[in-house]
Amino acid sequence: MIKKLLNPFAYVDDVKLLIIGVIAHFIFTFIAYHFNYYFPDFISIQKTIINFSFLDILYQNSRNVMIAFIILFICGRNINSKTRSIDICNVVLIARIPYYLILLTDFVPIVKEKMDLVTKSVQINNLVVFQDLSVVTVIMIIAILALLVMVLMFYYLYIGFKTVTNLKTLKQKLGFVVSVIIIIIITFVLSVLIPQTIF
């Protein structure tokens, strides 16, 4: 069981992984929509007071996933010509599940209350809220959790990519790192240049 959790790509059927990944993609997109979060780029989940529709949030999240898939697939094919698209798709979808877990903090009433307060205060440029110890404490806890889930996401990206492409050499590993950096840059630039809404 521990081995499957540490590297599901080596032990779980690819079709099952795809189903799990797609279901998680839709469920957590809906949770993000419900709690007023959005996905501007590959590594960001942010609170918003903009009334994005569910389709907008789904578009943002799917766009980031698709960009990651394309870049990692190209990288994977350069490393191993037998790299399959379903495997890279699974790597991206499954790796994002830990990343989504930060959304679950909004099921804790005090966390939701404080983070909503912070979001509204920042929007109106009222920083007095940061003098409240309870608010600062919640922010620190969320920041630590966000860092942990980010580390988990990159762990699963790496271990998954390594498994499905047979990643071995230092040059190949550097290629993977560069690909991830490109994903982050492209999705960030697009979040600035193109609308976050589907219509």
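Residues numbered from 1 in each chain as written. Predicted model: local features only at pLDDT ≥ 70, side-chain atom pairs only at ≥ 80, totals over all residues. Heavy atoms only, no water.

This brings us to unusual backbone geometry. Even without a glycine there, the phi angle at asparagine 36 is positive, about 65°. Position of asparagine 36 among the secondary structure elements: in the loop between helix 3 (14–34) and strand 1 (37–38). Residue classification places asparagine 36 among the partly exposed positions, given a relative accessible area of 36%. Positive phi outside glycine occurs at asparagine 166, with the angle close to 65°. Counting through the fold element by element, asparagine 166 comes out in the loop between helix 7 (133–165) and helix 8 (170–193). (Helix = DSSP H or I, 4+ residues; strand = E, 2+ residues; numbered from the N terminus. Buried < 20%, exposed > 50% of the residue type's maximum accessible area, 1.4 Å probe, protein only.)

Next up on the list: the layout of surface pockets. In this structure, the largest pocket encloses a volume near 430 Å³. Within the residue set of the lining of the largest pocket, elements represented by two or more residues are strand 2 (46–47), helix 6 (109–123) and helix 7. Considered class by class, the residues forming the lining of the largest pocket number 15 nonpolar, five polar and two charged. Considered as a void within the structure, the second largest pocket measures approximately 270 Å³ in volume. For the lining of the second largest pocket, the secondary-structure elements that each account for two or more residues are helix 1 (2–6), helix 3 and helix 5 (85–100). For the lining of the second largest pocket, the element with the highest residue contribution is helix 5, accounting for three residues. (1 Å grid on protein atoms, 1.4 Å probe; cavity = no way out; pocket = protein on both sides within 12 Å on 5 of 7 lines; lining within 4 Å. Points joined across faces, edges and corners; volume = space filled by probe spheres on them. Nonpolar A, V, L, I, M, F, W, Y, C, P; charged D, E, K, R; others polar.)

In the predicted model, the protein carries a mean pLDDT of 89, and the fraction of residues at 70 or more is 96%. Mean pLDDT across the elements of the protein ranges from a minimum in helix 6, with 74, to a maximum in helix 4 (residues 54–79), with 96. (pLDDT = per-residue confidence, 0-100.)

Attention now moves to the nonpolar core. Judged by nonpolar contacts, the single largest core of 47 residues is most densely connected at Phe39, Leu72 and Leu103. Breaking this core down by element, the ones donating at least two residues are helix 3, strand 1, helix 4, helix 5, helix 6, helix 7 and helix 8. Per-element accounting of this core gives the leading share, 10 residues, to helix 7. Setting aside its immediate chain neighbours within four residues, leucine 103 contacts Phe28, Ile31, Ala32, Phe35, Tyr37, Phe39 and Ile45. (Core = buried A, V, L, I, M, F, W, Y, C linked by side-chain atoms within 4.5 Å. Contact = heavy atoms within 4.5 Å.)

Along the chain, the position of leucine 72 falls in helix 4. On the accessibility criterion, leucine 72 (1% relative accessible area) is buried. Along the primary structure leucine 72 and aspartate 116 are separated by 44 residues, whereas in three dimensions their C-alpha atoms are 35 Å apart. Apart from residues lying up to four places away in sequence, leucine 72 is in contact with Ile88, Val92, Leu157, Phe161, Phe176, Ser179 and Ile183.

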